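Chain by chain, the residues:
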Amino acid sequence: MSNDSFEASKARSDQVRADIAENPGKYRMLTGDRPTGRLHLGHYFGSILNRVAMQNLGVDSLVLIADYQVITDRDTTEHIQDNVYNMVLDYVAAGIDPEKTTIFTHSAVPALNQLMLPFLSLVSEAELERNPTVKAEQEASGHELTGLLLTYPVHQACDILFCKSNIVPVGKDQLPHIEITRQIARRFNKRYGRVFREPVGVLSDAIEIPGLDGRKMSKSYGNSIMLGVTAEETAKRIKKSPTDSERRITFDKENRPGISALLTTAALCTGRTEVEIAEEIGEAGAGALKAYVTESVNTFLAPHRERRAQLAENMDYVREIIHEGNKRANEIANATLDEVREAMGMVY
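This structure is a prediction, so every number in the text was calculated from the model and none was measured.

Digging into the overall build of the protein
Looking only at helices and strands, one finds 15 helices and 5 strands in the protein. The C-alpha atoms of the protein give 21 Å as radius of gyration, which agrees with the globular expectation for 348 residues (20 Å, within 12%). Dimensions of the protein, computed from the C-alpha atoms along their principal axes, are close to 75 × 50 × 45 Å. The proportion of buried residues among the 348 residues of the protein is 51%. Accessible area for the protein stands at about 16500 Å²; split by element, carbon and sulfur atoms hold 49% of it. Taking the 41 positively charged and 49 negatively charged side chains of the protein as two groups, their mean positions are separated by 2 Å.

In structure tokens:
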């Protein structure tokens, strides 16, 4: 993405963010996750807290569990049902209210996926191949470039446009997806008549949450602290995290990634700063730091885990949340597809 287009995207984002607090009813937000594993602290601080805040402001919110997008770069759907149910448990335990927010799955909304056909006719192969997220996903997974992975940005455009959402919370690296979605909306409207509005990518303030090895926290790196695991499992993971041989604890992301990742994790969970925590632990070393991080994380997640355990006792309720969400998403998608057919003259 060129600097010019980033500046334009940032200006749009800033304008919308300022307006949301005043006029939340003007906005519909679409956001989501791929059910490739369990949700972790990175998801919690990076996106879930923001979703809860938007929902509570009064923004009409939809959260997509993108099950079809699992097979863009994975060869199996073996644990997908379990991952979907666990995602819902974490969403609701974290404060996403199914009465206010529509939680739904890709595969249960045929009309959403049917938008792929007209949308694919509006983009070129070169535009898809240039998309940096497609390249990054392919490299991270080591998977061959399937047709679904190549058209991943178009599928995301279907997710965003089917419900006419006008805001999508994103990190800077996801802005190219928003740009291609805006292009598809623009091109469709120009070719067939106005049906879609152009969504705005709302840039979040969330910092990148480091994993236990200093890299970005990611399910695929195995460096995550999952929201739903036990306090014992959390302690075990933190104990195994890499540090270095220097005894004194200091915050230095570049030269001490392992130590600094632990300090950031503790800072997020306690509301303190990394430097403050580092100075407090000082010469006590990595063992003392890990003990502090373990206590901070487990104390912070205890209420979430308690709510989650209560919800897990009634899995019928979890399934009902998905069924009700899918029902509402289908109503929205069918209405949009009817408009698309009408605009294209395909009503017989």
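Concerning the packing of helix α2 (residues 41–57) against helix α14 (residues 285–312)
One way to put it is that α2 packs onto α14 with a least axis distance of 12 Å and a crossing angle of 70°. Accordingly, the angle class assigned to the pair α2 and α14 is roughly perpendicular. By crossing handedness, the relation of α2 to α14 is classed as left-handed. Residues Leu41, Tyr44 and Phe45 of α2 lie in contact with α14, whose contacting residues are Val297, Phe300, Leu301 and His304.

Examining the packing of aromatic side chains
For the coordinates displayed, the defined rule picks out 8 aromatic pairs. Their ring planes at 85° and their centres at 5.4 Å tell us that Tyr44 and Phe45 sit as a pair that is edge-to-face. For the pair shown, Tyr44 and Phe45 are each scored as buried. Ring geometry for Phe119 versus Phe196: centroids 5.5 Å apart, planes at 75°, classification edge-to-face. Here Phe196 lies in the loop between α10 (175–192) and β5 (200–203) and Phe119 lies in helix α5 (residues 116–120), a separation of 77 residues in the sequence. Each member of the pair Phe119 and Phe196 is classed as buried. Feature note: the residues Phe119, Phe188, Tyr192 and Phe196 constitute an aromatic cluster, connected by ring pairs.

Overview of the pattern of salt bridges
The final tally for this structure, using the stated rule, is 24 salt bridges. Between Arg182 and Glu179 there is a salt bridge, and its shortest N-O distance comes to 4.0 Å. Of this pair, Arg182 and Glu179 are both found in helix α10, 3 residues apart, which corresponds to roughly one turn of the helix. Salt bridges sharing common partners tie together Arg12, Glu179, Arg182, Arg186 and Glu198.

Some points on the pairing of β5
A two-sided burial pattern is seen for β5, the buried positions comprising Val200 and Val202 on one face and Gly201 and Leu203 on the other. Traced from strand β4 (residues 167–170) through α10 to β5, the parallel crossover comes out right-handed.

So, the pairing of strand β2 (residues 60–65)
In terms of residue burial, β2 counts as a mostly covered element, since 5 of its 6 residues are buried. Judged from the 6 bridges that link them, strand β1 (residues 28–33) and β2 form a sheet pairing that is parallel. Residue Gly32 lies in a different strand from β2, and its bridge partner there is Leu64. Handedness of the crossover is the feature at issue here: the chain leaves β1, passes through α2, returns alongside β2, and the resulting connection is right-handed.

Let's talk about the nonpolar core
In terms of nonpolar packing, the biggest core is built from 46 residues, with Leu41, Ile48, Val88, Tyr91, Ile103, Leu289 and Val297 touching the most fellow members. Counting residues per element, this core draws most heavily on helix α3 (residues 80–93), at 9 residues. Setting aside its immediate chain neighbours within four residues, Ile103 contacts Val63, Ile65, Val88, Tyr91, Ile96, Ile321, Ile322, Gly325 and Asn326. Formed by 39 residues, the second largest nonpolar core is a distinct cluster that contains Leu30, Leu62, Phe104 and Phe196.

A closer look at the environment of Ile184
You can see Ile184 is positioned in helix α10. Among the residues examined, Ile184 registers a relative accessible area of 0% and is labelled buried. Considered as a pair, Ile184 and Val109 are 75 residues apart in the sequence and their alpha carbons are 20 Å apart. When sequence neighbours within four positions are dropped, the list of residues in contact with Ile184 reads Phe119, Leu122, Val123, Val154, Ala157 and Leu161.

As for α10
For α10, spanning 18 residues, the distance from its first C-alpha to its last is 26 Å, which sits close to the expected 26 Å at 1.5 Å a residue. Regarding α10, the residues found buried are Leu175, Pro176, His177, Ile178, Ile180, Thr181, Arg182, Ile184, Ala185, Phe188 and Asn189. One or two steps after α10, the chain reaches Gly193, where phi turns positive at roughly 110°.

Calculation notes
Residues numbered from 1 in each chain as written. Predicted model: local features only at pLDDT ≥ 70, side-chain atom pairs only at ≥ 80, totals over all residues. Heavy atoms only, no water. Helix = DSSP H or I, 4+ residues; strand = E, 2+ residues; numbered from the N terminus. Rg over C-alpha atoms; globule rule 2.2 N^0.38 Å. Buried < 20%, exposed > 50% of the residue type's maximum accessible area, 1.4 Å probe, protein only. Areas by Shrake-Rupley, 256 points an atom, 1.4 Å probe, with all protein chains shown as cover. Lys, Arg positive; Asp, Glu negative; His and termini not counted. Charge placed at Lys NZ, Arg CZ, Asp CG, Glu CD. Axes fitted to C-alpha atoms, helices over the stretch in contact; angles between N-to-C directions. Parallel < 35°, antiparallel > 145°, perpendicular 65-115°, else oblique. Left-handed = near helix turned anticlockwise from the far one by under 90°. Contact = heavy atoms within 4.5 Å. Phe/Tyr/Trp six-rings, centres within 6.5 Å; stacked < 30°, edge-to-face > 60°. Salt bridge = Lys/Arg side-chain N within 4 Å of Asp/Glu carboxyl O. Right-handed = clockwise from strand over helix to strand, strands pointing away. Pairing = 2+ DSSP bridges. Core = buried A, V, L, I, M, F, W, Y, C linked by side-chain atoms within 4.5 Å. Expected span 1.5 Å × (residues − 1).

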